[in-house]
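Observations on the three-dimensional arrangement
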Amino acid sequence: SWSVAGKQPPAELGEWLQLSRGAHVYAVGLQEAVELTAQNLTAGTNGQLSAGAAAWEARIDQEVQATCGNDAYTKVASRQLVGLLLLVYVRTEQLPHCRPTRTAALGTGRLGVGNKGAVAASLRLHSSSICLVCAHLSSGHSATETRNLECAALHARRAFDKGEGAEEAPQQADTGPRPVRGRR
């Protein structure tokens, strides 16, 4: 997970993504994938990626294909919330063992919008349930309590879209958020 400061994707991503390790699942989470403008405050709310997020998605797709082979991985999730972007790839040979992916996007700002919040993807691979979260919460050493409150609010409001062909599943996990302790 990286903050990309609203910049366009660079030409070289190979070392950054470390794709040569051969994992069954790759997840890439970005914060600030788009500049924070009034137009981008609704980015991703209709299921369509904004132009900035789509540029990152296309460049990362390109790098996955160039490094791993054209058909080695299949993208199973792509979800945006303002500047947050989560992309999930599964090794193509594992697709028969991968249950449909469900996604969620929740903002922590007023009215659930703003540049803070989380995007997530949930899937089953073989008998393992996997939940991947990309979050962008309040920053700074003095904001530990605020981050904990944001995390708790996200946990309380989480709900995944029902993916195509997804089995009925509980909307909430059994465990609560784990607070982060700040240094003093």
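Structure report, in brief. Keep in mind it's a predicted model, so treat the numbers as computed, not measured.

The rules behind these values
- Just so you know, the residues in each chain are numbered from 1, in the order the chain's sequence is written.
- Only residues with pLDDT of 70 or above have their local features reported here, since the model is predicted, and side-chain atom pairs are shown and tallied only from 80 upward, although totals for entire chains, interfaces and linings are computed over all residues.
- The basis for the side-chain values is all heavy atoms of the structure; hydrogens and waters are excluded.
- Here a strand is any run of E in DSSP of at least two residues, a helix any run of H or I of at least four, and the numbering for each starts at the N terminus.
- Relative accessibility thresholds used throughout: buried, under 20% of the residue-type maximum; exposed, over 50%; partly exposed, between the two (1.4 Å probe, protein chains only).
- Whether two residues touch is decided by their heavy atoms; if any such pair falls within 4.5 Å, the residues are in contact.
- For the area figures, the Shrake-Rupley method with a 1.4 Å probe applies, and any residue is considered shielded solely by the protein chains shown.
- In these notes, a set of buried Ala, Val, Leu, Ile, Met, Phe, Trp, Tyr and Cys residues joined through side-chain atoms within 4.5 Å is what counts as a nonpolar core.
- The criterion for strand pairing is that DSSP finds at least two bridges linking the strands in question.
- The axes are straight lines fitted to the C-alpha atoms, using for helices just the contacting stretch, and the angles between their N-to-C directions are given from 0 to 180°.
- N or O atoms closer than or at 3.5 Å make up a polar contact, with two conditions inside protein: a donor-capable atom paired with an acceptor-capable one, and, for residues adjacent in sequence, both atoms drawn from side chains.
- Only centres within 6.5 Å qualify two rings of Phe, Tyr or Trp (six-membered ring in Trp) as a pair; their planes then separate them into stacked at under 30 degrees, edge-to-face at over 60, and tilted for everything else.

Moving on: the overall build of the protein. Scanning the protein from terminus to terminus reveals three helices and seven strands. The order of α-helices and β-strands along the protein, N terminus first, is β-α-β-α-β-β-β-β-β-α. Buried positions account for 39% of the 184 residues belonging to the protein. Intrachain contacts of the protein at a sequence separation of at least 6 include 64% that bridge at least 24 residues. Surface accessibility of the protein: about 10,700 Å² in total, with carbon and sulfur atoms responsible for 50%.

Within the largest apolar cluster, 17 residues are counted, with the highest numbers of intra-cluster contacts made by Leu30, Trp56, Ile60, Leu85 and Tyr89. Ignoring any residue separated from it by four or fewer positions in sequence, one finds Ile60 in contact with Leu13, Leu17, Val28, Leu30, Leu87 and Tyr89. Counting residues in hydrophobic clusters, the runner-up holds 13 residues, among them Leu81, Leu84, Val88 and Cys134.

Turning our eyes to something else, we now look at the sheet that holds strand S7 (residues 128–136). Overall, antiparallel pairing links the three strands, which are arranged S5-S6-S7 in an open sheet. For this open sheet the edge positions go to strand S5 (98–107) and S7, each flanked by a neighbour on one side alone. Across the sheet, the mean angle separating the axes of adjacent strands is 10° when strand polarity is ignored. Relative to S7, strand S6 (residues 117–125) is paired through nine bridges, and the arrangement is antiparallel. Each bridged residue has a counterpart across the sheet, and for Ala120 the counterpart in S7 is Val133.

The next thing to look at is the side chain of His136. Its location among the elements puts His136 in strand S7. Residue classification places His136 among the buried residues on the basis of a relative accessible area of 12%. Looking at His136, its side chain comes within polar contact range of the side chain of Lys116, at 3.4 Å.

Before going further, it helps to examine the packing of aromatic side chains. Working definition: an aromatic ring pair is given by the centre-to-centre distance plus the angle between the planes. Using the criterion set out here, one finds three aromatic pairs in the structure. Arranged with centres 4.2 Å apart and planes meeting at 45°, the rings of Trp2 and Trp16 form a pair that is tilted. Of the two residues, Trp2 is situated in strand S1 (residues 2–3) and Trp16 in helix H1 (residues 14–17); the sequence distance between them amounts to 14 residues. Residue classification places Trp2 among the partly exposed residues on the basis of a relative accessible area of 28%. For Trp16, a relative accessible area of 26% puts it in the partly exposed group. Seen from their ring centres, Trp16 and Trp56 are 5.9 Å apart, and the 55° between their planes marks the pair as tilted. In this pair, Trp16 is assigned in helix H1 and Trp56 in helix H2 (residues 51–68), connecting sequence segments 40 residues apart.

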